[in-house]
Amino acid sequence: MKNQTTLKDIARECGLSLTTVSAIIRKQHAEYHIAKSTVENVLKTAKKMGYRKNRMARTLKTGVSDYVAVLGAAFGAPIQELRQNLIAQRVLDLGYQVLVYDFHWFRGRELELIKDMVAFPVCGMIVSDTLSNEISEYFKDLQDRIPVVLVDCGDIEGHDHVVLDRRKVAYLAARRLLELGHRKIIYNNYLGNDYWILRWKREGFTRAMHEFGLQVDKSSYVWLPDSNKLSAYQLGYNIAEKLIADGALPEAVIAQGDRTAIGLVKAFSKHGLRIPDDIALMSSENLPQSAYHSPELSTVDFRTDEVAEATVAILRKRLSGDFEDIGKTVKIDPLLVIRESCGASRSVVHKPGKKKKGGCYERSG
């Protein structure tokens, strides 16, 4: 097997010193005042000989790294996977290497993984969807050594943080349904869970309802006790079945996400209920399939491009040595996307139909 081309091989081929070739490969030729023709010759020779940088060896030898760790809980969550991939690509575009890990495989050992990345070493970290008190304190101690930017980690202070405003996610969805004339709205949210995302969404939902003079109580929400064991599609399907079985159909439903909304549509359709004629539907995330589903889903876009851009902009600033405003929080506003499922194009808002024999429903106008 042919040995990997080294800098010594390139230097020998070009008739140059190892120091000169090394400076060119490291893109430090300007500092050494190396002629443009020499730079071009070395790079052309390196490409011809199939040279590839051994970044790992350089990191281990010098202790200086150009690796950035991108850590998050994206497994089984398409919108988080999309966001994480966009962040990783932007880091690569800056000229850094990326180490991507999913906390799903390190459940209960998140801090251990983070410490492994520091020991590697990495020159920066982007961490999403997790922040225990222990991890928060560790990052505060780390700030002077390695830049860390957090993404969607809830109510925190003292850290660089980019977060999608979940209050506005629910507010925009509920407000649009209310503007269309709906008053009996059910939100797919768990009243008994204080997790920051669910809590922020309830606060946004409540704000919209109060603006229209409506009260919110436990009957305003629907959840299933085994929701964490179900796929998002199955969760939506089961929620629709529950609403139908309870006999108290709403005028409109807000689903936690697009996949849940698709499950809701399937179950409602099985029972003869049409979206949006009988029940209006709003969702959130704006996954690609939301625009290709029938009916097309009205949803709230999570603006993953903007989240990724803001995150990497902060990291870039810290890697340049600028820590003047460290601990800043950037809130990204979601974007309302109106399509068929909320019934926005209809001039008449229809109420849920009366139950027919056989478990179906008829539309009332």
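Let me sum up the structure you'll find in this document.

What counts, and at which threshold
Residues numbered from 1 in each chain as written. Predicted model: local features only at pLDDT ≥ 70, side-chain atom pairs only at ≥ 80, totals over all residues. Heavy atoms only, no water. Helix = DSSP H or I, 4+ residues; strand = E, 2+ residues; numbered from the N terminus. Rg over C-alpha atoms; globule rule 2.2 N^0.38 Å. Buried < 20%, exposed > 50% of the residue type's maximum accessible area, 1.4 Å probe, protein only. Polar contact = N/O pair within 3.5 Å; in protein donor to acceptor, adjacent residues only side chain to side chain. Contact = heavy atoms within 4.5 Å. 1 Å grid on protein atoms, 1.4 Å probe; cavity = no way out; pocket = protein on both sides within 12 Å on 5 of 7 lines; lining within 4 Å. Points joined across faces, edges and corners; volume = space filled by probe spheres on them. Nonpolar A, V, L, I, M, F, W, Y, C, P; charged D, E, K, R; others polar. Salt bridge = Lys/Arg side-chain N within 4 Å of Asp/Glu carboxyl O. Phe/Tyr/Trp six-rings, centres within 6.5 Å; stacked < 30°, edge-to-face > 60°. Lys NZ or Arg CZ within 6 Å of the ring centre and 35° of its normal. Axes fitted to C-alpha atoms, helices over the stretch in contact; angles between N-to-C directions. Parallel < 35°, antiparallel > 145°, perpendicular 65-115°, else oblique. Left-handed = near helix turned anticlockwise from the far one by under 90°. Pairing = 2+ DSSP bridges. Core = buried A, V, L, I, M, F, W, Y, C linked by side-chain atoms within 4.5 Å. Expected span 1.5 Å × (residues − 1). Right-handed = clockwise from strand over helix to strand, strands pointing away.

## Overview of the overall build of the chain
Then, in step 1: When you go through the chain residue by residue, the secondary structure sums to twelve helices and 13 strands.
Then, in step 2: Relative to the globule expectation of 21 Å for 365 residues, the C-alpha radius of gyration of the chain, 27 Å, shows a markedly less compact shape.
Then, in step 3: Structurally, the chain occupies a C-alpha span of about 90 × 40 × 35 Å along its principal axes.
Then, in step 4: Out of the 365 residues in the chain, the part that is buried amounts to 49%.

## Focus: the side chain of Ser 341
Then, in step 1: Mapped onto the elements, Ser 341 comes out in the loop between strand 11 (335–337) and strand 12 (351–355).
Then, in step 2: Ser 341 gets classed as buried once you look at its relative accessible area, which sits at 0%.
Then, in step 3: One polar contact links the side chain of Ser 341 to the main-chain amide nitrogen of Ser 298, over a distance of 2.8 Å.
Then, in step 4: Apart from the residues lying within four places of it in its own chain, the contact partners of Ser 341 are Ile 275, Pro 276, Ile 279, Ala 280, Leu 281, Pro 295, Glu 296, Leu 297 and Ser 298.

## Quick notes on the layout of surface pockets
Then, in step 1: Considering only enclosed or pocket space, the largest pocket measures out at about 1300 Å³ in volume.
Then, in step 2: Taken together, 39 residues line the largest pocket, and the ones lying closest to its centre are Gly 76, Ala 77, Gln 80, Tyr 195 and Arg 259.
Then, in step 3: Those elements that place two or more of their residues in the lining of the largest pocket are helix 5 (78–93), helix 9 (196–211), helix 10 (232–246), helix 11 (258–270) and helix 12 (304–319).
Then, in step 4: In terms of residue count, helix 9 provides more of the lining of the largest pocket than any other element does, four residues in total.
Then, in step 5: Here the residues of the lining of the largest pocket sort into 16 nonpolar, twelve polar and eleven charged.

## Considering the pattern of salt bridges
Then, in step 1: Under the definition given, this model contains 23 salt bridges.
Then, in step 2: Between Arg 318 and Asp 325 there is a salt bridge whose closest N-O contact spans 3.0 Å.
Then, in step 3: If you follow the salt bridges from partner to partner, you end up with Asp 155, Arg 167, Asp 194, Arg 199 and Glu 203 in one network.

## Focus: the packing of aromatic side chains
Then, in step 1: In this structure the tally under the stated criterion is ten aromatic pairs.
Then, in step 2: Site record: aromatic cluster; members linked through ring pairs are Tyr 187, Phe 205 and Tyr 221.
Then, in step 3: When the ring centre of Trp 200 is taken as origin, the NZ or CZ atom of Arg 167, which lies over that ring, is 4.1 Å away.
Then, in step 4: Arg 207 extends its terminal NZ or CZ atom over the ring of Tyr 171, reaching a point 3.9 Å from the ring centre.

## Concerning the packing of helix 5 against helix 12
Then, in step 1: The geometry of helix 5 relative to helix 12 is characterised by a closest axis approach of 9 Å and an angle of 40 degrees between their N-to-C directions. As far as their axial angle goes, helix 12 and helix 5 are oblique. The handedness of the crossing between helix 5 and helix 12 is right-handed. Contact with helix 5, carried on its side by Ile 79, Leu 82, Arg 83, Leu 86, Ile 87, Arg 90 and Val 91, involves Thr 304, Asp 305, Val 307, Ala 308, Glu 309, Thr 311, Val 312 and Leu 315 of helix 12 and no other residues of that element.
Then, in step 2: Here the contact of helix 5 with helix 12 is built from residues that sort into nine nonpolar, two polar and four charged.

## So, the sheet that holds strand 7 (residues 252–254)
Then, in step 1: Taken in spatial order, the three strands make up an open sheet running 6-7-8, and their pairing is parallel. Lying at the two open borders of the sheet, with one neighbouring strand each, are strand 6 (185–187) and strand 8 (280–282). The mean angle between the axes of side-by-side strands here comes to 15 degrees, regardless of whether they run parallel or antiparallel.
Then, in step 2: Relative to strand 8, strand 7 is paired through three bridges, and the arrangement is parallel. By the bridge assignment, Ala 252 is partnered in strand 8 with Ala 280.

## Looking at the nonpolar core
Nonpolar side chains tend to gather and get buried jointly when the protein is soluble and globular.
Then, in step 1: Ranked by size, the top nonpolar core spans 44 residues in total, and within it Ile 87, Val 91, Ile 126, Leu 177, Ile 185, Phe 205 and Ile 254 carry the most contacts.
Then, in step 2: Examining the composition of this core, we find that seven residues originate from one element, helix 8 (residues 166–179), more than from any other.
Then, in step 3: Beyond its immediate chain neighbours, meaning those up to four positions away, Val 91 contacts Val 68, Tyr 96, Gln 97, Val 98, Ile 126, Val 312 and Leu 315.

## So, helix 12
Then, in step 1: The first and last C-alpha atoms of helix 12 sit 22 Å apart over 16 residues, in line with the 22 Å expected at 1.5 Å per residue.
Then, in step 2: Within the sequence span of helix 12, burial applies to Thr 304, Val 307, Ala 308, Ala 310, Thr 311, Val 312, Ile 314, Leu 315 and Arg 318.
Then, in step 3: Following helix 12 by one or two positions, Gly 321 has its phi on the positive side, about 100 degrees.

## Considerations on the pairing of strand 2 (residues 97–102)
If a strand is regular, its side chains alternate between the two faces of the sheet.
Then, in step 1: When strand 1 (residues 67–72) meets strand 2, the two strands line up parallel, connected through six bridges. Paired with Ala 69 across the bridge in strand 2 is Leu 99.
Then, in step 2: Handedness of the crossover joining strand 1 and strand 2 through helix 5 is recorded here as right-handed.

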